[in-house]
2 protein chains.
Amino acid sequence: MYKLHYFPGNASAVPHMLLEESGVDYELCLVDRDINAQKSPEYMRINPMGRIPTLEDGTFAIFETAAIVLHLLERHPEGLMQPLAGTGERSKFYQWLFFLTNSLQEELMIWQYPDRLVGADAVSAAMVRQGAEARASTMLDVIEKHLSSNGLFFLGAKISAVDFYLLVLARWARPMSNPPRTRPAISKLLAEVSARPAVQRAYAAEGITDGIY
Amino acid sequence: MYKLHYFPGNASAVPHMLLEESGVDYELCLVDRDINAQKSPEYMRINPMGRIPTLEDGTFAIFETAAIVLHLLERHPEGLMQPLAGTGERSKFYQWLFFLTNSLQEELMIWQYPDRLVGADAVSAAMVRQGAEARASTMLDVIEKHLSSNGLFFLGAKISAVDFYLLVLARWARPMSNPPRTRPAISKLLAEVSARPAVQRAYAAEGITDGIY
């Protein structure tokens, strides 16, 4: 049985939603960030950077959210949360997956935790935060432009795992001055994804009942 | 025919090496960063963030380096630069690919361009740079530990696309106080990958003849 090491609302929510969508059995294991459990020797044995999430699948463990996503999709293709291998759509799926994880998510991490880069100096932190928000907004505008000319979801009419990823990041970005939901095409996608029973079960299990995006 | 939009030594070198390995026909198109060509309206039509690389494949264009890598691997599986789908090795391949692109590469970008985050203030820039180097070093230590207990390459005895990715990032990181090549297992991997004729052809075509790592 899968074991997903998670913390409420963290990037772990993406594989959590996909596990709910797939209907397979899995166990949720809280990594308690309040006591810095992600840096415990036990946890770092399966995740050497001490980050969340990790997925245990039988005898082996895998880290990096998007890699866990691809792992689950290969094992549960019946959910069809990604286009078929070898198609142009599949390559576009990869493109948006990497764009979300290493462009948008990275900027949102800088925006949320500027002190990790510049320490306690409030003036520098505010500047770093402002710059990250501006760059994240440009990325959201790129996504908005894509969605408004390509259909409801990243890949058009059919939902895929990247749409769930955007929902999770959109929740992080809610306090931005120009949050994702203010863009019409993104807002439609978020409404659609967040209405899915699997998504609602996943967030409920994580104790998240506030505004989702 | 493929068209790879590149700049010498940029992340574009990873798909460039894989194209050389695969033996297929392709055209190299320089995106001249010296005149900011990556932000020209023509280029941004195929790469809306104005980043390098982009791969054109017939009628469609794809961005994000690692997505281009997966696109090429799906179309040219004969080179076997990734493990077979559905295997645990394939999931580990994804894990390292995401780790390199959104953890190590992102830290190296911050380290190379701290001014993008904190502007012209030299004191803040130096602090950001120092922090990014420390985090990148921790990541390199994780890779070193993995390689020293798992074999010559990321996936053991068999080379895969992630090994080429590490070589390209290692070249960027050469000026670090504790660069990748100082770690014995990483150094062995870099020696092996950089000795491949395809890698040497790719760097030569980009005009790169200085120390490769």
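Remember, it's a predicted structure, so these values are computed and weren't measured experimentally.

Draft legend 1. Structural view of the overall build of chain A. Broken down by element type, chain A carries nine helices and four strands. If you list the helices and strands of chain A from N to C, you get β-α-β-α-β-β-α-α-α-α-α-α-α. Seen through its principal axes, chain A has C-alpha atoms that stretch 50 × 50 × 35 Å. Out of the 213 residues belonging to chain A, those deemed buried represent 58%. For chain A, long-range pairs separated by at least 24 residues make up 64% of all intrachain contacts whose partners lie at least 6 apart in sequence. As presented, chain A carries roughly 8,500 Å² of accessible surface, and 54% of it is formed by carbon and sulfur atoms. In chain A, 20 side chains carry a positive charge and 24 a negative one; their mean positions are 4 Å apart.

Draft legend 2. Inspection of the sheet that holds strand β2 (residues 26-30) of chain B at higher detail. Residue and element names in this part refer to chain B. Spatial ordering of the open sheet is given by β2-β1-β3-β4, a layout of four strands whose pairing is mixed. Strands at the two margins of the open sheet, each flanked by one partner only, are β2 and β4 (60-63). Put simply, the sheet's adjacent strands are angled 20° from each other on average, direction ignored. As defined by bridge partners, strand β1 (residues 2-6) adjoins strand β3 (residues 54-57) across four bridges and the pair is classed as antiparallel. Across the sheet, Y2 pairs through a bridge with D57, a residue of β3.

Draft legend 3. Highlighting the relation of the copies chain A and chain B. Note on the identical chains: chain A maps onto chain B by a rotation of 180° and an axial translation of 0.0 Å, with an RMSD of 0.0 Å. Interpreted geometrically, this transformation is the action of a two-fold axis. Within chain A, the C-alpha atom positioned nearest to the axis of rotation is that of A:N102, 2.3 Å from it. Comparing interface residues between copies, 100% of those in chain A also sit at the interface in chain B, which points to an isologous, same-surface contact.

Draft legend 4. The interface of chain A and chain B, seen in detail. Counting residues at the interface gives 43 residues for chain A and 43 residues for chain B. In total, about 3,600 Å² of surface goes out of reach between chain A and chain B, with carbon and sulfur atoms giving 62% of it. If you sort the residues of chain A by the area they bury against chain B, A:E74, A:F98 and A:L117 come out on top, with a joint share of 17%. Our count for the chain A to chain B interface comes out at two salt bridges. With its nearest N and O atoms 3.4 Å apart, the salt bridge here joins A:E74 to B:R90. Remark: the boundary between chain A and chain B carries 25 residue pairs in polar contact (both at pLDDT 80 or more).

Draft legend 5. Molecular detail of the sheet that holds strand β3 (residues 54-57) of chain A. Residues and elements named next belong to chain A. As summarised here, the arrangement of the four strands in space is β2-β1-β3-β4, forming an open sheet in which the pairing is mixed. At either margin of the open sheet sits one strand with a lone partner, and together these are β2 (26-30) and β4 (60-63). Direction aside, neighbouring strands of the sheet carry axes that sit 20° apart on average. When β3 meets β4, the two strands line up antiparallel, connected through four bridges. Opposite D57, over in β4, you have F60 as the bridge partner.

Draft legend 6. Region of the structure containing the packing of aromatic side chains. Scanning the model with the defined rule gives 11 aromatic pairs over all chains in all. Ring centres of A:F63 and B:F99 lie 6.0 Å apart, and the angle between their planes is 85°; this geometry places the pair in the edge-to-face category. On the criterion of chain membership, the pair formed by A:F63 in strand β4 and B:F99 in helix α4 (residues 88-112) is interchain, its members lying in two chains. In this structure A:F63 comes out as buried when scored by relative accessible area, which is 6%. Judged by its relative accessible area of 1%, B:F99 falls in the buried class.

Parameters and conventions
Residues numbered from 1 in each chain as written. Chains lettered and ligands numbered in written order. Predicted model: local features only at pLDDT ≥ 70, side-chain atom pairs only at ≥ 80, totals over all residues. Heavy atoms only, no water. Helix = DSSP H or I, 4+ residues; strand = E, 2+ residues; numbered from the N terminus. Buried < 20%, exposed > 50% of the residue type's maximum accessible area, 1.4 Å probe, protein only. Contact = heavy atoms within 4.5 Å. Areas by Shrake-Rupley, 256 points an atom, 1.4 Å probe, with all protein chains shown as cover. Lys, Arg positive; Asp, Glu negative; His and termini not counted. Charge placed at Lys NZ, Arg CZ, Asp CG, Glu CD. Pairing = 2+ DSSP bridges. Axes fitted to C-alpha atoms, helices over the stretch in contact; angles between N-to-C directions. Least-squares fit on C-alpha atoms with pLDDT ≥ 70 in both. Buried area = accessible area lost by both parts, 1.4 Å probe. Salt bridge = Lys/Arg side-chain N within 4 Å of Asp/Glu carboxyl O. Polar contact = N/O pair within 3.5 Å; in protein donor to acceptor, adjacent residues only side chain to side chain. Phe/Tyr/Trp six-rings, centres within 6.5 Å; stacked < 30°, edge-to-face > 60°.

Purely spatial values, then, with no claim about function.
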